[in-house]
Amino acid sequence: MKNFNHLIDLNDFGKPQWDEIISLGEKIMDNPHIYEASCRGKIMGTLFYEPSTRTQMSFQSAMLRLGGGIIGFDNPTASSVMKGESLKDTTKIVSSYSDIMVMRHPVAGSVKAAALTADCPIINAGDGGHLHPTQTLTDMLTLHKEKGRLTGLRIGICGDLKYGRTVHSLVKALSCYEGNSFVFISADELQMPDYITAPLEKWSKSDSIDEAIGGLDVLYMTRIQKERFPSGEEYERQASRYILDPGKLKKAGEDLIVLHPLPRLHEIDAAVDSDPRALYFKQAHYGMYVRMALILIMLNYDITPPVLLKGETHGGAKCKNDNCILQNEPHLPQSFIKNDGVITCEYCESRFAL
Ligand code: NCD
């Protein structure tokens, strides 16, 4: 295993590094020309096994604005993946052509698995319904710029909390700051997974935007993740259940901000876009600067590389999550962390009794 400073889970880094990335992102935003040759001669490989607009283009634009170059694919059927090449082999090769790599993949734990054999640092741009750390950096920079703080916030998170990877990373990071509390607004079937709520202190559930919105500093809306549902009927039952419209916003405070990682479907009525509290388009724009900062820091600073696997095999334990990379790539070392009779898969974080 190589020792690169990968970004798989934001919590592999700590608050001082998050603050450093956010503050560099803000400096770049103020004076982008200073950084325009900072990555001259460097190449970023972008491997997008799943559709993407903002994440992919903001990463590409970030690298180009730093003076670097980009290679990669966003349509795996046009690469050797179509011929059946494993994730391990594709990663090995592309990482040998690149100085830094960005990967999005539909299976949880896949980017960690790729990092085990990559020959350059790798950034998780979304692994199935698991995590999306660079969206969280975007969200944190947005909160810092627009609310002036990352502490003491009451944050409502609405929509698909089960399969929505952006909100998993967001809660993991924001719960490390003092005084933050969360209201999870969703249908019971789409509530936050255990591995997110288990370590939390201040959180509650709600099944109504109207009921929760009054006391919030931030309302983070999310799309129902159709592509991760086991059946079309189940998706239809959940789609359009929570919609933010101007009527609901009337019950909110003047300094609420509304965020969304986008793409938005029906969950925010277009009439909300002109409300000054609707900041989702600005949020997407900020994402480019925070990714410029992240690339610069990962390529130039000494960051202690994360230990990718800390666990053990635990007597032949198997991960029961069908969407975990352990089911796809048989060469991977099985690795689980045991705690109070519960074991957690180190790739997808699913928890189950031993
Ligand atoms: C999100 C994603 O891909 O997880 N989009 C993004 O990266 N900004 C959210 C989504 O697809 O709903």
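The text that follows walks through the structure, step by step, so that each part is easy to find. (Residues numbered from 1 in each chain as written. Predicted model: local features only at pLDDT ≥ 70, side-chain atom pairs only at ≥ 80, totals over all residues. Heavy atoms only, no water.)

Digging into the overall build of the chain
- A count of helical and extended segments in the chain gives 11 helices and 12 strands.
- Computed over C-alpha atoms, the radius of gyration of the chain comes to 20 Å, within 12% of the 20 Å expected from 2.2 N^0.38 for 354 residues, which places it in the range of a compact globule.
- Projecting the C-alpha coordinates of the chain onto the three principal axes gives extents of approximately 55 × 55 × 40 Å.
- Relative to its full complement of 354 residues, the chain shows a buried share of 57%.
- Across the chain, contacts joining residues at least 24 apart in sequence account for 70% of those joining residues at least 6 apart.
- A total accessible area of about 15000 Å² is found for the chain, and carbon and sulfur atoms account for 49% of it. (Helix = DSSP H or I, 4+ residues; strand = E, 2+ residues; numbered from the N terminus. Rg over C-alpha atoms; globule rule 2.2 N^0.38 Å. Buried < 20%, exposed > 50% of the residue type's maximum accessible area, 1.4 Å probe, protein only. Contact = heavy atoms within 4.5 Å. Areas by Shrake-Rupley, 256 points an atom, 1.4 Å probe, with all protein chains shown as cover.)

Quick notes on the pattern of salt bridges
- Evaluated as defined, the whole model comprises 13 salt bridges.
- Note that D9 is salt-bridged to K172, the shortest N-O span being 2.6 Å. Highlighted residues: D9 in the segment before α1 (15-30) and K172 in helix α6 (residues 165-174), separated in sequence by 163 residues. Across this residue pair, the class does not change: D9 and K172 are buried. (Salt bridge = Lys/Arg side-chain N within 4 Å of Asp/Glu carboxyl O.)

Some words on the site of the ligand
- Taken together, T55, R104, H132, Q135, R165, T166, R223, Q225, P261, L262 and P263 make up the full set of residues adjacent to the ligand.
- Take Q135: an N or O atom from its side chain is 3.2 Å from a nitrogen atom of the ligand.
- Interatomic distance of 2.8 Å between a side-chain N/O atom of Q225 and an oxygen atom of the ligand.
- Considered on its own, the ligand offers 320 Å² of accessible surface; in the complex 94% of this is hidden by protein.
- For the shell around the ligand, the per-class residue count stands at 3 nonpolar, 5 polar and 3 charged. (Near = heavy atom within 4 Å. Polar contact = N/O pair within 3.5 Å; in protein donor to acceptor, adjacent residues only side chain to side chain. Nonpolar A, V, L, I, M, F, W, Y, C, P; charged D, E, K, R; others polar.)

Quick word on the sheet that holds strand β11 (residues 342-345)
- Strands sit in the order β10-β11-β12 across an open sheet of 3 strands; the sheet is antiparallel. Each edge of the sheet is formed by a strand with only one pairing partner; in this case those strands are β10 (336-339) and β12 (351-353). On average, each strand axis in the sheet is tilted by 30° relative to the strand beside it, whichever way the strands run.
- Of the strand pairs in this sheet, β10 and β11 are connected by 4 bridges, and their pairing is antiparallel. Across the sheet, residue N339 finds its bridge partner in β11, namely V342. (Pairing = 2+ DSSP bridges. Axes fitted to C-alpha atoms, helices over the stretch in contact; angles between N-to-C directions.)

Concerning empty space enclosed by the protein
- Overall, the coordinates contain 2 cavities of 30 Å³ or more when judged by the stated rule.
- Taken as a whole, the largest cavity spans an internal volume of roughly 60 Å³.
- In terms of lining residues, the largest cavity is bounded by I224, Y235, Q238, A239, S240, R241, Y242, L265, H266 and E267.
- Residue composition of the lining of the largest cavity, by class: 5 nonpolar, 3 polar and 2 charged.
- Taken together, R54, S58, Q135, T138, H260, P261, Q283, A284, G287 and R291 form the lining of the second largest cavity. (1 Å grid on protein atoms, 1.4 Å probe; cavity = no way out; pocket = protein on both sides within 12 Å on 5 of 7 lines; lining within 4 Å. Points joined across faces, edges and corners; volume = space filled by probe spheres on them.)

Concerning the packing of α1 against helix α11 (residues 280-300)
- Across the interface, α1 lies against α11 with an axial gap of 8 Å and an inter-helix angle of 115°. Pair α1 / α11 crosses with right-handed handedness. On α11, the residues that touch E20, I21, L24, G25, I28 and M29 of α1 are Y286, Y289, V290, M292, A293, L294, L296 and I297.
- Counted by class, the contact of α1 with α11 contains 12 nonpolar, 1 polar and 1 charged residues. (Left-handed = near helix turned anticlockwise from the far one by under 90°.)

A look at the sheet that holds strand β4 (residues 122-127)
- Judged by pairing direction, the sheet is parallel, and its 4 strands sit side by side in the order β2-β1-β3-β4 without closing on themselves. Both outer strands of the open sheet, β2 (69-73) and β4, are each paired with one neighbouring strand and no more. The sheet shows a mean angle of 15° between the axes of neighbouring strands, direction not considered.
- Where strand β1 (residues 43-48) meets strand β3 (residues 100-105), 5 bridges bridge the pair, whose relative direction is parallel. Following the sheet pairing, L47 is matched in β3 by M103.

Quick word on the environment of T53
- Along the chain, the position of T53 falls in the loop between β1 and α2 (54-65).
- Through-space distance from the C-alpha of T53 to that of D302 is 31 Å; in sequence the pair is 249 residues apart.

Quick look at the layout of surface pockets
- In this structure, the largest pocket encloses a volume near 540 Å³.
- Breaking the lining of the largest pocket down by element, the ones donating at least two residues are β10 and β11.
- The dominant element in the lining of the largest pocket, judged by the number of residues it contributes, is β11, at 3 residues.
- For the lining of the largest pocket, a count of residues per class yields 11 nonpolar, 4 polar and 9 charged.

Some remarks on α6
- Burial runs high along α6: 10 of the 10 residues are buried.
- Of all the positions in α6, only R165, T166, V167, H168, S169, L170, V171, K172, A173 and L174 are classed as buried.

Here's the deal with unusual backbone geometry
- Residue P263 follows L262 across a cis peptide bond; omega there is 10°.
- Its location among the elements puts P263 in the loop between β9 (257-259) and α11.
- Even without a glycine there, the phi angle at D340 is positive, about 50°.

Function cannot be inferred from these measures alone, as they are strictly geometric.
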